[in-house]
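Each chain, written out:
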Amino acid sequence: MSGPEERKRWMAVLARASRAEIEALSGPELPAHEIMKAPETGTVMVEGRAGGAGRRFNLGEATMTRCIVRLSDGAMGFSYALGRDGRKARLAAILDARLQRESDGALRQGVARLAEAQVAARDLASRKAAATKVDFFTLVRGA
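The following paragraphs examine the structure supplied in this document.

Cut-offs applied
Residues numbered from 1 in each chain as written. Predicted model: local features only at pLDDT ≥ 70, side-chain atom pairs only at ≥ 80, totals over all residues. Heavy atoms only, no water. Pairing = 2+ DSSP bridges. Helix = DSSP H or I, 4+ residues; strand = E, 2+ residues; numbered from the N terminus. Axes fitted to C-alpha atoms, helices over the stretch in contact; angles between N-to-C directions. Contact = heavy atoms within 4.5 Å. Buried < 20%, exposed > 50% of the residue type's maximum accessible area, 1.4 Å probe, protein only. Salt bridge = Lys/Arg side-chain N within 4 Å of Asp/Glu carboxyl O.

The next subject is the sheet that holds strand S1 (residues 33-49). Strand order in the open sheet made by the three strands is S1-S2-S3, with antiparallel pairing throughout. Strands at the two margins of the open sheet, each flanked by one partner only, are S1 and strand S3 (76-82). Adjacent strand axes in the sheet meet at a mean angle of 25° when their direction is disregarded. Sitting on the sheet, helix H3 (residues 86-101) touches S1, strand S2 (56-71) and S3, and the angle it makes with S3 is about 140°.

Structure, rendered in structure tokens:
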């Protein structure tokens, strides 16, 4: 079994993953499952912070799809994903349910590799952005 912090981490990884990455993790055959809440699309309010640490403000709305499934053994899986991809949301919910009961660890290792790839991609994007940073300064004349 897994703890709430571990589940929070893998759900975040699945939410950021592409549909192709989730399909690769799922494998060719899906386990028997019942759709409790079919993939449905709506909007969520995205909040921002000035400078990353300032006061919160409403940045705007984003499209999100959610899904809830129950596997034949009773494990329930939930997913939330940006965009309108219902299949991605369904597969992510199935993976969430499987990860809650997975005993061999192969699926957990796949999620860990995906998390590492996401961290590497985020670091690369940060380095590229930092390389274009311009520091402005003001010269005072005749002081």
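Glancing now at the side chain of aspartate 96. Structurally, the position occupied by aspartate 96 is in helix H3. Looking at aspartate 96, the relative accessible area reads 0%, which means it is buried. Once you skip the residues sitting within four places of it in the chain, aspartate 96 turns out to touch Arg7, Trp10, Met11, Leu14, Met76, Gly77 and Phe78.

The next subject is the pattern of salt bridges. This model, assessed by the stated rule, comprises eleven salt bridges. The closest approach of N and O atoms between lysine 8 and glutamate 5, which form a salt bridge, is 3.8 Å. Taken together, the residues lysine 8 and glutamate 5, both in helix H1 (residues 4-16) and three residues apart, mark about one turn of the helix. Residue lysine 8 is classed as exposed on the basis of its relative accessible area, which comes to 53%. Note on glutamate 5: relative accessible area 47%, which makes it partly exposed. Arginine 87 is the partner of glutamate 23 in a salt bridge, and the nearest nitrogen-oxygen pair spans 3.3 Å. Here glutamate 23, found in helix H2 (residues 19-26), pairs with arginine 87, found in helix H3; they are 64 residues apart in sequence, far enough to count as distant.

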